[in-house]
Amino acid sequence: MAAQGGRWRRFSEQRAKQLQRQVQVSRCVQTSNHPLFSCAQQYRGMTGTGGSTAAGLCSRCHERDPLRRSTAPAAPQLRRGVQTLQQDIEALRASVLEVFRACRDHLQDGLSEMVAAVQRAQLCHQALLAWQSKAGHLERSLQEVNARYELETQKRKVLHNRLVELKGNIRVHCRIRPLLPFDKELDDAASRDSSMPAGVVHAVDDETILVKCDRPAHALINKTYNFERVYGPAESQHVVFGDVCPLLTSLLDGYNVCILAYGQTGCGKSYTMLGPHSEEQRVPARGPHSDLGILPRAAGELFRLISENPSRSLKVDVSIVEVYNNNIFDLLAKEHRTAVSGPKLEAPTTKAAKQEVSPPTRQPVHSAEDFVALAAGSLRLRAQLATQVHARSSRSHLIITATLTTAPTCSSPGKRPSDRQSHGPPLEGRPPCGRASPGSPGAQEPTEQVHAKLQLVDLAGSECAGVSGVTGSALRETSFINRSLAALADVLGALSERRGHIPYRNSQLTHFLQDVLGDAKLLVILCVSPSRKHVAETLRCLGLGARVRQVQRGQAGGGSPASRRPR
Ligand SMILES: Nc1ncnc2c1ncn2[C@@H]1O[C@H](COP(=O)(O)OP(=O)(O)OP(=O)(O)O)[C@@H](O)[C@H]1O
Ligand SMILES: [Mg+2]
């Protein structure tokens, strides 16, 4: 019984424990169920609200039913419209995409072009910088070269003028003109023999001339002469001027220069100095092949040289005179301008009007064209005559003088440019050539300084009256021409023999040329005819040339003492 009681007790105890545990669990469940309950209540509430909302919606659905029924037939149409719209939208999107792609491609192209351009610009910029530095470098070297050029120019001037002096301040060139139709007309019967050559004067080489003539009843002539330069009949005006040109450089260096053509009538003096005779007095075309004479070429070269160095501001004044029957006529004087060419004795002359004449008119020229036009105008007034030798024979000696002056400066008291350089005495009673004479002696007035003078002289030709067939006043002209040329030969002879007295005053020509004969760089161009008929005159002319070569002088002079030293 006791055992049974024990078992019962143990069972009861276990059961109690179990129950206790269950109570605890239910308590826990209760506590955890509590929020669930409240949630369930909430949901229940919500379900209620949802139910009422659903009921509301159901009632609204019922309300909309008639609307739905009425719109139902339009729905497929709308659907189709929507579909079309969707397709349109798709197409639009596709085209927008296409445009976008095209724009993008364009932009990319533009961008790459821009990049390339920028790169190019950078390259250009770099190149520009390189060029800039090169330009700077070149500028510096140019300055150096200029400085060196200046130095070399100085040296050149010294050497050039030394060379001209070594060649001789008096140079003699000889030009043989070609045989011309009138030479044949002149030839005498004996010389018309076809076995005899018509030309008897030959250029052996650049410096030697040969006169070889075997005429019946005459002694054989076989003579050679040497000159600084001999031009054959075929040599052009251009070649002749080529040898004259260096003298113009000397002129600009401040030396007086005189170029003088000498020879018998019809042998080419005027052709050489002025060019061929032309009815129209116009400025002929330039160029190496043209017939231009020394005057227009020298005028061109003179102004070219002046323009090379404008800082010197040289002015050119021209005077033109002719020595006719041992009188000097100013061809630029106003009273001559209206006169027409004709017998000179009838033309009004200053010399005839009064004993004392003024200095020759000096007219400023500003270009070679001015210079040539002025000379051409004066040439119309020059005395000319048709002789048996030459249809347009010059009956006077023509002297064209270009005076180069520098800008006015203050002269020292009592000293004028004209004191430094006499312009020669030929115009009787005239004051020494110069511009305005200063008012009071000793006054310091700005005066022009004579830099140098260029004289171009086309002499009248020596002639034998028997050959030229002149009579009357023309014969008188011939006698004056021959006498003045003889006076020139005497002066040159006296100079070559270094005589104490030089007979400059024996003729107006030598008197006028006194300065240049005694002082300037003088180039004598002997013009000779190749014709057998003129052989005696040719020999006389060459003999004079040979004598001129003997003349020895000091240094050629210039416009001012300073200018004598090459600058
Ligand atoms: N080198 C030459 N070439 C071609 N023709 C020439 C040459 N030299 C002269 N003449 C011609 O010969 C002729 C005479 O020449 P120019 O008038 O120059 O002689 P000049 O020596 O001046 O004579 P004058 O003393 O009588 O005035 C002209 O018709 C000229 O054109
Ligand atoms: Mg002449």
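Just so we're clear, the structure is a prediction, and the values are computed from it rather than from any experiment. (Residues numbered from 1 in each chain as written. Chains lettered and ligands numbered in written order. Predicted model: local features only at pLDDT ≥ 70, side-chain atom pairs only at ≥ 80, totals over all residues. Heavy atoms only, no water.)

**Overview of the sheet that holds strand β3 (residues 208–213)**
Turning to step 1, where the next piece is worked out: Taken in spatial order, the 3 strands line up as β2-β3-β4 in an open sheet, and their pairing is antiparallel. Each having just a single partner strand, β2 (201–203) and β4 (221–226) make up the two edges of the open sheet. Averaged over all adjacent pairs, the angle separating strand axes in this sheet is 20 degrees, with direction ignored.
Turning to step 2, where the next piece is worked out: Here β3 runs beside β4; their pairing, made up of 6 bridges, is antiparallel. Bridge pairing in β4 places T208 opposite N226. (Pairing = 2+ DSSP bridges. Helix = DSSP H or I, 4+ residues; strand = E, 2+ residues; numbered from the N terminus. Axes fitted to C-alpha atoms, helices over the stretch in contact; angles between N-to-C directions.)

**Examining the coordination of the magnesium ion (ligand 2)**
Turning to step 1, where the next piece is worked out: Note on the magnesium ion (ligand 2): its protein donors are S270 (OG) and S394 (OG). The metal-donor distances range over 2.0 to 2.2 Å. A residue pair is termed long-range when its members are at least 10 positions apart, and S270 in helix α5 (residues 269–274) and S394 in strand β11 (residues 393–394) qualify at 124 residues.
Turning to step 2, where the next piece is worked out: Taking relative accessible area as the criterion, S394 reaches 9% and is therefore assigned buried. (Donors = N, O, S within 2.8 Å, 3.2 Å for Na, K, Ca; no water. Buried < 20%, exposed > 50% of the residue type's maximum accessible area, 1.4 Å probe, protein only.)

**Focus on the pattern of salt bridges**
Turning to step 1, where the next piece is worked out: According to the stated counting rule, one finds 11 salt bridges in the structure shown.
Turning to step 2, where the next piece is worked out: Residue E235 is joined to R229 by a salt bridge in which the shortest nitrogen-to-oxygen separation is 3.1 Å.
Turning to step 3, where the next piece is worked out: With a relative accessible area of 24%, E235 lands in the partly exposed category.
Turning to step 4, where the next piece is worked out: On the basis of relative accessibility, which here comes to 13%, the residue R229 falls in the buried class.
Turning to step 5, where the next piece is worked out: Across the pair D317 and R362 runs a salt bridge whose closest N-O atoms are separated by 3.4 Å. Of this pair, D317 sits in strand β7 (residues 315–324) while R362 is found in the loop between α8 (350–353) and β9 (363–365), placing the two residues 45 residues apart along the sequence. Each member of the pair, D317 as well as R362, is classed as buried. (Salt bridge = Lys/Arg side-chain N within 4 Å of Asp/Glu carboxyl O.)

**Regarding helix α15 (residues 535–550)**
Turning to step 1, where the next piece is worked out: With 16 residues, α15 should reach 22 Å at 1.5 Å per residue; the first-to-last C-alpha distance of 23 Å fits that figure.
Turning to step 2, where the next piece is worked out: Within α15, the full set of buried residues consists of V535, E537, T538, L539, C541, L542, L544, G545 and V548. (Expected span 1.5 Å × (residues − 1).)

**Description of the side chain of K269**
Turning to step 1, where the next piece is worked out: Looking at where K269 falls in the secondary structure, it is placed in helix α5.
Turning to step 2, where the next piece is worked out: No salt bridge is formed by the buried K269, whose closest oppositely charged neighbour, D458, lies at an N-O distance of 5.8 Å.
Turning to step 3, where the next piece is worked out: Setting aside its immediate chain neighbours within four residues, K269 contacts A261, Y262, G263, Q264, D458, L459, A460, G461 and C527. (Lys, Arg positive; Asp, Glu negative; His and termini not counted. Contact = heavy atoms within 4.5 Å.)

**Notes on the confidence of the model for the chain**
Turning to step 1, where the next piece is worked out: Here the chain averages 78 in pLDDT, while 76% of its residues score no lower than 70.
Turning to step 2, where the next piece is worked out: A low-confidence stretch, residues 337–357 (pLDDT under 50), is modelled with 31 contacts involving residues beyond four sequence positions or located in other chains. (pLDDT = per-residue confidence, 0-100.)

**Thoughts on the UniProt feature "binding site: ATP" (unreviewed entry) in the chain**
Turning to step 1, where the next piece is worked out: Following the UniProt record, one finds the feature "binding site: ATP" (unreviewed entry) at G263, Q264, T265, G266, C267, G268, K269 and S270.
Turning to step 2, where the next piece is worked out: Summarising the element assignment, C267 is placed in the loop between β6 (257–263) and α5.
Turning to step 3, where the next piece is worked out: Given the relative accessible area of 1%, C267 is considered buried.
Turning to step 4, where the next piece is worked out: Those residues in contact with C267, other than ones at most four positions away along the chain, are R177, C527, V528 and S529.
Turning to step 5, where the next piece is worked out: By relative accessible area, K269 is classed as buried at 5%. (UniProt positions renumbered as here; feature names shortened; annotations may be inferred.)

**A few points about the packing of aromatic side chains**
Turning to step 1, where the next piece is worked out: Following the criterion strictly, the structure yields 3 aromatic pairs and no others.
Turning to step 2, where the next piece is worked out: Measuring from ring centre to ring centre gives 6.4 Å for Y225 and F227, while their planes differ by 5 degrees; the resulting arrangement is stacked. Accessibility assignment for this pair places Y225 and F227 in one class, buried.
Turning to step 3, where the next piece is worked out: Above the face of the F480 ring, R483 is positioned so that its terminal group lies 4.8 Å from the ring centre.
Turning to step 4, where the next piece is worked out: Positioned above the aromatic ring of Y255 is the side chain of K521, whose terminal nitrogen or guanidinium carbon lies 4.4 Å from the ring centre. (Phe/Tyr/Trp six-rings, centres within 6.5 Å; stacked < 30°, edge-to-face > 60°. Lys NZ or Arg CZ within 6 Å of the ring centre and 35° of its normal.)

**Here's the deal with the environment of S250**
Turning to step 1, where the next piece is worked out: Note that S250 resides in helix α4 (residues 237–252).
Turning to step 2, where the next piece is worked out: By relative accessible area, S250 is classed as buried at 0%.
Turning to step 3, where the next piece is worked out: A C-alpha to C-alpha distance of 10.0 Å links S250 and V158, two positions 92 residues apart in sequence.

**Description of the pairing of strand β14 (residues 521–528)**
Turning to step 1, where the next piece is worked out: Judged by how many residues are buried, β14 sits mostly within the fold: 8 of 8 residues are covered.
Turning to step 2, where the next piece is worked out: Burial along β14 is two-sided: K521, L523, I525 and C527 and L522, V524, L526 and V528, pointing in opposite directions, are all buried.
Turning to step 3, where the next piece is worked out: The pairing of strand β1 (residues 170–176) with β14 spans 7 bridges and is classified as parallel. When the sheet's bridge partners are listed, I170 is paired in β14 with L522.
Turning to step 4, where the next piece is worked out: Examined bridge by bridge, β6 and β14 share 7 bridges and lie parallel to one another. Along β14, the bridge assignment pairs L260 with V524.

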